[in-house]
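Here's the letter readout for the chains.
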Amino acid sequence: MRDQRAGTGPSISVLTACRSNRVGTLPAALASLTAQRRTDWEWVLQFDGPIPALPEPLDRTRAAGRLTVGGADRPGGYGPAEARNRGLARCRGALVQNLDSDDELEPDALSALADTLLRHPEAAFAAGDARDLLPDGSLRSVPSQLRPGLLAPGEVYRLWRTEPATYSVPLHPAGVMWRRAVLLEFGGWPALWGMDDTALLMAVSAVRPGVYIAADTLRYRLHDGQLSALVGRGRSGLADQVALIRQRVAALREVAGTTGLPSGWGTGVVRGVDVA
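Computed from a predicted model, the values in this text were never measured in an experiment.

Calculation notes
- Residues numbered from 1 in each chain as written.
- Predicted model: local features only at pLDDT ≥ 70, side-chain atom pairs only at ≥ 80, totals over all residues.
- Heavy atoms only, no water.
- pLDDT = per-residue confidence, 0-100.
- Contact = heavy atoms within 4.5 Å.
- Buried < 20%, exposed > 50% of the residue type's maximum accessible area, 1.4 Å probe, protein only.
- Helix = DSSP H or I, 4+ residues; strand = E, 2+ residues; numbered from the N terminus.
- Pairing = 2+ DSSP bridges.
- Right-handed = clockwise from strand over helix to strand, strands pointing away.
- Phe/Tyr/Trp six-rings, centres within 6.5 Å; stacked < 30°, edge-to-face > 60°.
- Lys NZ or Arg CZ within 6 Å of the ring centre and 35° of its normal.
- Core = buried A, V, L, I, M, F, W, Y, C linked by side-chain atoms within 4.5 Å.
- Arc of directions from axis to C-beta.
- Salt bridge = Lys/Arg side-chain N within 4 Å of Asp/Glu carboxyl O.

A. The confidence of the model for the chain, seen in detail. Residues at a pLDDT of 70 or more form 86% of the chain, whose mean pLDDT is 87. Low pLDDT, under 50, characterises residues 1–7; the predicted model gives this stretch 20 contacts beyond four residues in sequence or across chains.

So this is what it looks like as structure tokens:
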């Protein structure tokens with residue numbers, strides 16, 4: 001991978017969508033970026049609404065050319081999917097690391113994930129483990145269901161559980177590193193409320209291999225104001241959104257054919273929603 005210090009541009013674009021009234025955690029996200037052992041990154045920050053006043057560390061980073069900031073000349077409230085897709089247009093790196101505005105990256109995250117994709121050119125994405133960042137600042141590990149290495153098409157989908165009481169995704173979608181070409185091919189993040197990153201992960205992993213590394217790469221902040229917490233309360237609209245994701249996966253599978261897919265893939269493996 002090329003290094004920005006050599007003047008050849010960033011290899012990795014770190015893409016962050018943020019609500020205009022939620023800038024308080026951005027300095028912590030920035031600190032996790034500046035702590036990265038890999039330096040060939042740019043930060044693409046896209047607000048869901050007008051650009052607010054930025055904390056001073058972000059202004060310095062913007063002046064140094066490591067951060068670009070976008071927004072919209074309207075109130076916003078359209079959600080992270082639209083913001084991410086607008087930010088994607090400014091990403092210059094061949095690899096795009098998702099970083100939510102209230103999360104942080106582990107110091108080796110960019111190195112570990114980018115190097116893994118370099119070793120596995122067939123993989124469309126890479127992801128590691130996410131530790132919960134608790135309100136008191138402590139970190140809590142979350143055990144993974146996956147074995148390290150390449151993930152066959154459909155393997156992530158097979159382990160996705162959608163019943164409200166047992167909802168779980170085997171890979172944390174907020175911490176995925178994507179190949180930018182794959183994001184463009186699949187149309188970016190779909191317009192689902194609070195599930196756009198899950199929907200994208202399920203669609204791509206349905207027909208493309210990915211790779212999982214058994215290493216902590218993301219610190220996932222738990223707090224009352226996070227969008228996923230709001231979605232999780234009663235899982236409002238879960239059935240419709242999951243139904244759409246499943247229908248899209250079925251369509252992609254039909255177009256791609258079943259060659260090389262695991263036995264039984266896509267048939268009754270996601271529980272809780274009946275789709276005609």
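Once the structure has been displayed, the description carries forward.
B. Region of interest: the pairing of strand β1 (residues 12–19). Burial of β1 is extensive: 7 of the 8 residues sit out of reach of the surface. Taken together, the 8 bridges between β1 and strand β2 (residues 41–48) define a ladder with parallel strand orientation. What sits directly across from S13, in β2, is E42. Considered for its hand, the β-α-β crossover made up of β1, helix α1 (residues 26–34) and β2 is right-handed.

C. Examining the packing of aromatic side chains more closely. Following the criterion strictly, the structure yields 2 aromatic pairs and no others. Measuring from centroid to centroid gives 5.5 Å for F125 and W178, while their planes differ by 50 degrees, and the two rings are tilted. With F125 in strand β6 (residues 125–133) and W178 in strand β9 (residues 177–179), this residue pair connects regions lying 53 residues apart in the sequence. This pair shows no difference in class: F125 is buried, exactly as W178 is. On the numbers, 6.3 Å between centres and 50 degrees between planes, the contact of Y157 with W160 is tilted. W160 matches Y157 in its accessibility class, with the two residues each being buried. Directly above the aromatic system of W41 lies the positively charged group of R66, at a separation of 4.0 Å from the ring centroid.

D. Summary view of the nonpolar core. By size, the foremost hydrophobic cluster in this structure holds 37 residues, and its most contacted members are F125, L171 and W178. Contributions of two or more residues to this core are made by α3 (80–88), β6, α5 (155–158), α6 (180–185), α7 (196–207) and α9 (238–256). In terms of residue count, the dominant contributor to this core is α7 (7 residues). The residues touching L171, leaving out its near neighbours within four places in the chain, are F125, A127, G128, L146, L151, V156, L201 and Y212. I12, L26, L33 and L110 belong to the second largest nonpolar core, which has 33 residues in total.

E. Quick peek at α3. Of all the positions in α3, only A81, A83, R84, G87 and L88 are classed as buried. Each buried residue of α3 sits inside an arc of 165 degrees when the element is viewed along its axis, so together they form one side.

F. Looking closely at the pattern of salt bridges. Scanning all chains against the criterion turns up 17 salt bridges. Close ionic contact of D40 with R38 constitutes a salt bridge, the shortest N to O distance being 2.7 Å. Its relative accessible area of 2% is what places D40 among the buried residues. A salt bridge links R92 to E42; the nearest nitrogen and oxygen atoms lie 2.9 Å apart. Separated by 50 residues along the polypeptide, R92 in the loop between α3 and β4 (95–98) and E42 in strand β2 bring together distant segments of the chain. Exposure remark for R92: the relative accessible area of 52% places this residue in the exposed category. One salt-bridge network, held together by shared partners, links E104, E106, R131, D216, R219 and R221.

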